[in-house]
2 protein chains.
Amino acid sequence: MSVTAAKGFTAAGIAAGIKQNGNPDLALVVNTGPRRAAAGVFTSNRVKAAPVLWSQQVLADGELTAVVLNSGGANACTGPKGFQDTHATAEKVAEALEIGAGEVAVASTGLIGVLLPMDKLLPGVDKAVAELSEHGGEKAAIAIKTTDTVHKTAVVTQDGWTVGGMAKGAGMLAPGLATMLVVLTTDADVDAKGLDEALRQATRLTFDRVDSDGCMSTNDTVLLLASGASGVTPAQDAFAEAVRQVCDDLGRQLIGDAEGASKDIRIEVINAASEDDAVEVGRSIARNNLLKCAIHGEDPNWGRVLSAIGTTSAAFEPDRLNVAINGVWVCRNGSVGEDRELVDMRYREVAITADLAAGAESAVIWTNDLTADYVHENSAYSS
Amino acid sequence: MSVTAAKGFTAAGIAAGIKQNGNPDLALVVNTGPRRAAAGVFTSNRVKAAPVLWSQQVLADGELTAVVLNSGGANACTGPKGFQDTHATAEKVAEALEIGAGEVAVASTGLIGVLLPMDKLLPGVDKAVAELSEHGGEKAAIAIKTTDTVHKTAVVTQDGWTVGGMAKGAGMLAPGLATMLVVLTTDADVDAKGLDEALRQATRLTFDRVDSDGCMSTNDTVLLLASGASGVTPAQDAFAEAVRQVCDDLGRQLIGDAEGASKDIRIEVINAASEDDAVEVGRSIARNNLLKCAIHGEDPNWGRVLSAIGTTSAAFEPDRLNVAINGVWVCRNGSVGEDRELVDMRYREVAITADLAAGAESAVIWTNDLTADYVHENSAYSS
């Protein structure tokens, strides 16, 4: 499963000692070929961690042989020394695999503003290389966890080819809650351009529409590596759809494991004048702290939905807005609709539908509720 | 004090029975002249409550004689009936005071999407009119409270003239946490144009820079009424400064009473290329849930400050950013600065300074921390 579900990949996950609690904290994914095509999507935060800057550089030629990932430290806001450490990590992997450092992407996650313990990380690379295996995907997925309660993997298999992947974090690409790291692999024979198109299309519709707490990480990284080991070159549409499915699956797992969350909230914006309008409105609803508290309290407080819609620049008339919560149209024409007492909010999944009555476009954004557990977890994170 | 500190005003605050707990819920402020000049600033939310739509209309001529305010119901998203109720409230006040309804502004605060109990509100108007007094300012300030733990008033007196006011809520004009209602009065002889200029300038620098939870209300209203009873026409600059001082005082009281807050956070952005950049960066920091949780936990997590700055379009270079928390420059040149252990965060007020190293402009934004109490209060509000 995970990154080793597709043929032509080995992986490992080990404890290098970067995390003080001794949990696994270093993962390695290696493309054994025959192809080395790759694509990546990174955080849009202008404050980018050293590994993001590095990986963007090495991906410029559309090729990657290996990805090394660590939890236990983000290596963000660490200055020139932080970048040197990322470079040294890539060099160490390259040396052990007898490849060039320019074939090695690096991803890091953890606290910002702290240098990585290189005296532990570099020996860890040797240990990870020694444990590389075609069955190492699960261990790699475990090693990239930070506050994740479970590791996340997904696989889609088609006629003779496979797309698989692993993810950590609980958020979205831009913005993202905690750092989101994703590595996807495929044995389909797709070139860098095809990978890039499929990956951008998939992230736009999946990770970019998962918004846990509106905060954007300095480290978000999504990589897609193709080994070509299946010998099959699928139609671009079919390939893109498989990548989207894996991303969608992982995105749902991220939101389901969001820090402190007790509700998964599916916000569907319908009848928007444009898809951009639908996404803008969905995100505004997803980021409304008052609404997220209300959902936590199982309170179908549709006024807070309208209040969030009203802050956007989307096309709509206030007196034509309709809102349903779990199928009950509690707001009709911008005013009181069906009885809010009819809304059953006992279950973990909550569905909010916002009808803008302004067109035919739609979008779905996923978020979660705001809870005291979120506050507790994030007020004690670095101390 | 409050709205009756200036000469030429009477006020009252009574319990009309709109709130089920029997607390005061109806306030009336009357300008007894000789002048009736007025100005107003309202929420920029496109979903506006009926009283906002009404008050914007009646203010078009720059004159107001009375303001009636109720807590216990926002009369927002209540359709044509809600607007009729606001109109009927103004008519009732007008009838009792023997003036026109077009001289009466209306403001409401409370739950969105619920019609007001007019059978209680209208008799309440008679009761309030009967209790109008030159000493009624305090009672009026008490009657507009919702989740406020204290009522908020402020007064500035100059050479022969006074500006006073009352406020409820905990947030900002655009956006605002809970509804923010403010009524300011002055006995200075200033025309509507002078009032409007002073009020817009003041709100831009005060209420617009208080951001408790990034949520924008449907009801936010700030009114300024001038009676001219002092017979003094101050210089516009002096008058504007007095209005700014009163707004600043009330704004600080709002943030100090924000729902569930345990820390007041003063964010100063310095060396920005423009004031707009400084405000954008300040707001982005103020709305970062992860940072607000960290401050709650007394954790000087400057990485979250950089992460918030990185989401803006302001001019800056990531490796030139500096951040101080309570005077300790924990981030220098986008990287680790002074020892974070030196930061003392035991006190309620926390000062964050973000140095963009990109110019000479600055701005101060106030916010508060994100706490479990905020979640509790807002998950149980309407139930």
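You'll find the structure just up there.
Note that the coordinates shown come from a computational prediction; the quantities given were computed from them, not determined experimentally.

K.L.:
Is there a simple way to think about the overall build of chain A in this case?
P.N.:
When helices and strands are tallied, chain A shows 10 helices and 15 strands. Here the C-alpha radius of gyration of chain A, 21 Å, is about what a compact globule of 383 residues would show, namely 21 Å. On the principal axes, the C-alpha backbone points of chain A span a range of 65 × 50 × 35 Å. Going through the 383 residues of chain A one by one, you find that 61% of them count as buried. With 31 positive and 50 negative side-chain charges, chain A shows a spacing of 3 Å between the two charge centroids.

K.L.:
Can you walk me through the relation of the copies chain B and chain A in this structure?
P.N.:
Relating the two copies of this chain is a rotation about some axis coupled with a shift parallel to it. Of the transformation superimposing chain B on chain A, the axial component is 0.0 Å and the angular component is 180°, with the fit at an RMSD of 0.0 Å. Each copy turns onto its partner about a two-fold axis. Residue Ala 372 of chain B of chain B places its C-alpha closer to the rotation axis than any other residue of that unit, at 2.2 Å. The fraction of interface residues of chain B whose copies in chain A are also interface residues reaches 98%, indicating that both copies meet through the same surface.

K.L.:
Is there a simple way to think about the packing of helix H5 (residues 192-205) of chain A against helix H6 (residues 236-256) of chain A in this case?
P.N.:
What describes two packed helices is the angle between their axes and the distance between those same axes. All names here are of chain A. H6 packs onto H5 with a crossing angle of 40° between their chain directions and a minimal axis gap of 8 Å. With respect to each other, H5 and H6 are oriented oblique. The two elements H5 and H6 cross, and the hand of that crossing is right-handed. Contacts between H5 and H6 pair Gly 194, Leu 195, Glu 197, Ala 198, Leu 199, Gln 201, Ala 202 and Leu 205 from the former with Gln 236, Phe 239, Ala 240, Val 243, Arg 244 and Cys 247 from the latter.

K.L.:
I would appreciate a short explanation of the interface of chain B and chain A in the present structure.
P.N.:
Interface size is commonly expressed as the accessible surface area that is lost when the partners come together. In this assembly, 53 residues from chain B lie in contact with 52 residues from chain A. Of all residues in chain B, Arg 46, Asn 289 and Leu 290 of chain B bury the most surface against chain A, accounting for 16% of the area lost on that side. Counting across the interface, chain B meets chain A through 0 salt bridges. Here chain B is connected to chain A by 18 residue pairs in polar contact (both at pLDDT 80 or more). Of all the secondary structure elements, the ones that give two or more residues to the side of chain B that touches chain A are helix H8 (289-296), helix H9 (302-309), strand E13 (335-336) and helix H10 (372-379) of chain B.

K.L.:
I keep staring at the pattern of salt bridges and nothing clicks. Help me out?
P.N.:
Close approach of charged atoms lets side chains of opposite charge pair. All names here are of chain A. Under the defined criterion, the tally for this structure stands at 36 salt bridges over all chains. Of the charged contacts in the structure, one is a salt bridge between Lys 263 and Glu 298, with a shortest N-O distance of 2.7 Å. Note that Lys 263 is positioned in the loop between H6 and strand E10 (264-272) and Glu 298 in the loop between helix H8 (289-296) and helix H9 (302-309), a separation of 35 residues in sequence. With relative accessibility at 3%, the residue Lys 263 sits in the buried group. By relative accessible area, Glu 298 is classed as partly exposed at 40%.

K.L.:
What is the right way to read the packing of helix H2 (residues 79-97) of chain B against helix H3 (residues 118-130) of chain B from this model?
P.N.:
Residue and element names in this part refer to chain B. Taken N-terminus to C-terminus, the directions of H2 and H3 make an angle of 25°; their axes are 10 Å apart at the nearest point. Taken together, the axes of H2 and H3 lie roughly parallel to each other. Classified by chirality, the crossing of H3 by H2 is right-handed. Between H2 and H3, the contacting residues are Asp 85, Ala 88, Thr 89, Lys 92, Val 93, Ala 96 and Leu 97 on the first element and Met 118, Leu 121, Leu 122, Val 125, Asp 126 and Val 129 on the second. Within the contact of H2 with H3, the residues separate by chemical class into 9 nonpolar, 1 polar and 3 charged.

K.L.:
Even after reading the chapter, I still don't get helix H2 (residues 79-97) of chain A, so can you show me in this structure?
P.N.:
Each turn of an α-helix holds 3.6 residues, which means side chains three or four residues apart point in the same direction. All names here are of chain A. Here H2 is 19 residues long and its end C-alpha atoms lie 28 Å apart, about the 27 Å a rise of 1.5 Å per residue gives. All of the buried residues along H2 are Gly 82, Asp 85, Thr 86, Thr 89, Ala 90, Lys 92, Val 93 and Ala 94. Residues of H2 that are buried in the fold lie against strand E2 (26-31), helix H1 (50-58), strand E4 (66-70), strand E5 (104-108) and helix H3 (118-130). Positive phi shows up at Glu 98, right after H2, with a value of about 60°.

K.L.:
Can you help me understand the environment of Leu 370 of chain A in this one?
P.N.:
Its place among the elements puts Leu 370 of chain A in the loop between strand E15 (361-368) and helix H10 (372-379). Distance from Leu 370 of chain A to Pro 318 of chain A, taken between C-alpha atoms, is 26 Å for residues 52 residues apart in sequence. Setting aside residues up to four positions removed in sequence, Leu 370 of chain A forms contacts with Asn 289, Lys 292, Cys 293 and His 296 of chain A together with Leu 370, Tyr 374 and Val 375 of chain B.

K.L.:
What's the story with H5 of chain A in this structure? I'm lost.
P.N.:
Residue and element names in this part refer to chain A. The terminal C-alpha atoms of H5, which comprises 14 residues, lie 20 Å apart, in line with the 20 Å expected from a rise of 1.5 Å per residue. Along H5, the residues that are buried comprise Gly 194, Leu 195, Ala 198, Leu 199, Ala 202 and Thr 203. Each buried residue of H5 sits inside an arc of 145° when the element is viewed along its axis, so together they form one side. Buried residues in H5 make contact with strand E3 (37-42), strand E8 (181-186), strand E9 (221-226) and H6.

K.L.:
Can you help me understand the sheet that holds strand E5 (residues 104-108) of chain B in this one?
P.N.:
Residue and element names in this part refer to chain B. Strand order in this open sheet of 4 strands is E1-E2-E4-E5, and the pairing throughout is mixed. Strands with a single pairing partner mark the edges of an open sheet, and in this sheet they are strand E1 (9-14) and E5. Going across the sheet, the axis of each strand differs from the next one's by a mean of 10°, ignoring polarity. Strands E1, strand E2 (26-31) and strand E4 (66-70) of the sheet are contacted by H3, whose axis makes an angle of about 50° with E2.

K.L.:
Mind showing me how you'd approach the environment of Arg 204 of chain B here?
P.N.:
Residue and element names in this part refer to chain B. Along the chain, Arg 204 falls in helix H5 (residues 192-205). On the basis of relative accessible area, Arg 204 is assigned to the partly exposed category, the value being 40%. As for Arg 204 and Thr 109, which are separated by 95 residues in sequence, their C-alpha atoms are 22 Å apart.

What counts and what doesn't
- Residues numbered from 1 in each chain as written.
- Chains lettered and ligands numbered in written order.
- Predicted model: local features only at pLDDT ≥ 70, side-chain atom pairs only at ≥ 80, totals over all residues.
- Heavy atoms only, no water.
- Helix = DSSP H or I, 4+ residues; strand = E, 2+ residues; numbered from the N terminus.
- Rg over C-alpha atoms; globule rule 2.2 N^0.38 Å.
- Buried < 20%, exposed > 50% of the residue type's maximum accessible area, 1.4 Å probe, protein only.
- Lys, Arg positive; Asp, Glu negative; His and termini not counted.
- Charge placed at Lys NZ, Arg CZ, Asp CG, Glu CD.
- Least-squares fit on C-alpha atoms with pLDDT ≥ 70 in both.
- Contact = heavy atoms within 4.5 Å.
- Axes fitted to C-alpha atoms, helices over the stretch in contact; angles between N-to-C directions.
- Parallel < 35°, antiparallel > 145°, perpendicular 65-115°, else oblique.
- Left-handed = near helix turned anticlockwise from the far one by under 90°.
- Buried area = accessible area lost by both parts, 1.4 Å probe.
- Salt bridge = Lys/Arg side-chain N within 4 Å of Asp/Glu carboxyl O.
- Polar contact = N/O pair within 3.5 Å; in protein donor to acceptor, adjacent residues only side chain to side chain.
- Nonpolar A, V, L, I, M, F, W, Y, C, P; charged D, E, K, R; others polar.
- Expected span 1.5 Å × (residues − 1).
- Arc of directions from axis to C-beta.
- Pairing = 2+ DSSP bridges.

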